[in-house]
Amino acid sequence: CLRPHFEMLCGVLQAALSEATVSVPRAALKAVGAWAGSVLDEGDDANARKLVSRAREIYDAVQSATPFPPEFGAGVLGGIAAKRAAAKDVEKARNEIVEVLEIYEEGIQTIPDVFRAKALRPIAEAAHHTGDPELTNRIVLKVIEAGSTNPNARPRAEDLARTLVVLARIGAKPSDEL
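Parameters at a glance
Residues numbered from 1 in each chain as written. Predicted model: local features only at pLDDT ≥ 70, side-chain atom pairs only at ≥ 80, totals over all residues. Heavy atoms only, no water. Helix = DSSP H or I, 4+ residues; strand = E, 2+ residues; numbered from the N terminus. Buried < 20%, exposed > 50% of the residue type's maximum accessible area, 1.4 Å probe, protein only. Contact = heavy atoms within 4.5 Å. Areas by Shrake-Rupley, 256 points an atom, 1.4 Å probe, with all protein chains shown as cover. Core = buried A, V, L, I, M, F, W, Y, C linked by side-chain atoms within 4.5 Å. Expected span 1.5 Å × (residues − 1). pLDDT = per-residue confidence, 0-100. Phe/Tyr/Trp six-rings, centres within 6.5 Å; stacked < 30°, edge-to-face > 60°. Axes fitted to C-alpha atoms, helices over the stretch in contact; angles between N-to-C directions. Parallel < 35°, antiparallel > 145°, perpendicular 65-115°, else oblique. Left-handed = near helix turned anticlockwise from the far one by under 90°. Nonpolar A, V, L, I, M, F, W, Y, C, P; charged D, E, K, R; others polar.

Enquirer: Tell me about the overall build of the protein, and please be specific about residues and values.
Expert: Check the secondary structure of the protein and you find eight helices and zero strands. Counting from the amino terminus, the protein carries its helices and strands in the arrangement α-α-α-α-α-α-α-α. Within the span of the protein, comprising 178 residues, buried residues form 41% of the whole. For the protein, long-range pairs separated by at least 24 residues make up 65% of all intrachain contacts whose partners lie at least 6 apart in sequence. Of the roughly 9700 Å² that the protein leaves accessible, carbon and sulfur atoms contribute 56%.

Enquirer: So, the nonpolar core: which residues are in play, and what are the values?
Expert: In this structure, Leu29, Tyr59, Ile80, Ile97, Leu120, Ile123 and Ile139 are the most contacted members of the largest nonpolar core, which totals 43 residues. At the level of secondary structure, the elements contributing two or more residues to this core comprise helix H2 (25-41), helix H3 (45-65), helix H4 (70-86), helix H5 (90-107), helix H6 (113-129), helix H7 (133-147) and helix H8 (153-170). With near-sequence residues (within four places) excluded, isoleucine 97 lies in contact with Ala81, Ile123, Ala126, Ala127, Thr130, Leu135 and Ile139.

Enquirer: So what's going on with unusual backbone geometry? Residues and values would help.
Expert: Notably, lysine 88 is not glycine yet its phi reads approximately 65°, a positive angle. Summarising the element assignment, lysine 88 is placed in the loop between H4 and H5. Using a relative accessible area of 60% as the deciding quantity, one classes lysine 88 as exposed.

Enquirer: I'd like a rundown of H8, residues and numbers included.
Expert: Two residues of an α-helix separated by three or four positions point the same way, owing to the 3.6 residues in each turn. Between its first and last C-alpha, H8 extends 26 Å over 18 residues, near the 26 Å set by a 1.5 Å rise per residue. Looking at the buried residues of H8, the elements they touch are H6 and H7. Looking one or two places after H8, you find glycine 171, whose phi comes out positive at around 75°.

Enquirer: Mind laying out the confidence of the model for the protein, listing which residues take part and the relevant values?
Expert: On average, residues of the protein score 85 in pLDDT, and 86% of them reach the 70 mark or higher. Of all the helices and strands in the protein, helix H1 (residues 7-23) carries the lowest mean pLDDT, 59, while H5 carries the highest, 93.

Enquirer: Explain the packing of aromatic side chains to me, using residue names and the numbers behind them.
Expert: Per the stated rule, a full pass over the model turns up two aromatic pairs. Taken together, a centroid distance of 6.1 Å and an interplanar angle of 35° make the contact between tyrosine 59 and phenylalanine 68 tilted. Residue classification places phenylalanine 68 among the buried residues on the basis of a relative accessible area of 10%. Both rings, one in phenylalanine 68 and one in phenylalanine 72, keep their centres 4.8 Å apart while their planes meet at 65°; by these two values the pair is edge-to-face. Aromatic rings pair up to connect Tyr59, Phe68 and Phe72 into one cluster.

Enquirer: Which residues make up the packing of H2 against H3, and what values go with them?
Expert: Viewed as axis vectors pointing N to C, H2 and H3 meet at an angle of 165°, and their least axial separation amounts to 8 Å. Taken together, the axis directions place H2 and H3 in an arrangement best described as roughly antiparallel. For the crossing formed where H2 meets H3, the hand is left-handed. Contacts from Pro25, Ala28, Leu29, Val32, Trp35, Ala36, Val39 and Leu40 in H2 reach Asp45, Asn47, Ala48, Leu51, Val52, Arg54, Ala55, Ile58, Tyr59 and Val62 in H3. Each residue belonging to the contact of H2 with H3 can be placed in one class, and the counts come to 15 nonpolar, one polar and two charged.

So this is what it looks like as structure tokens:
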């Protein structure tokens, strides 16, 4: 963990997460993701990578037992890839991006149109953190297209707004094509 006086707290959190992984995997994933984000904010890439690897272990355990629906699983794995890329483990993040896109494409017929952009937004963030503007723009375009499939105008506008907020938050610069 970050500081010696947090060692006890880290031990308690790790024990709680071990229990939660079995009984409440979504909560465990959310907790590990938030913890990794906090560690990243402190600039501790090494510990962030450990936490991201733990999140991936939880994700894989769930997928092997009772897989997440594609709209949730793609978003979760996209979030893991985003944190991994932010922690400068770019090669693994790129592999996860490819994996997420495959999950999304395989499950697109079962993903309700209102959830498609939400599932892809974390992948855009992951792509941005890899430092590849072409990949980022390609995925952002895919997010915008996914959001535009909603037949209702207000949710379409909300999806676009959420996508633009993500782009602003991560500092991505859209291409002229976007």
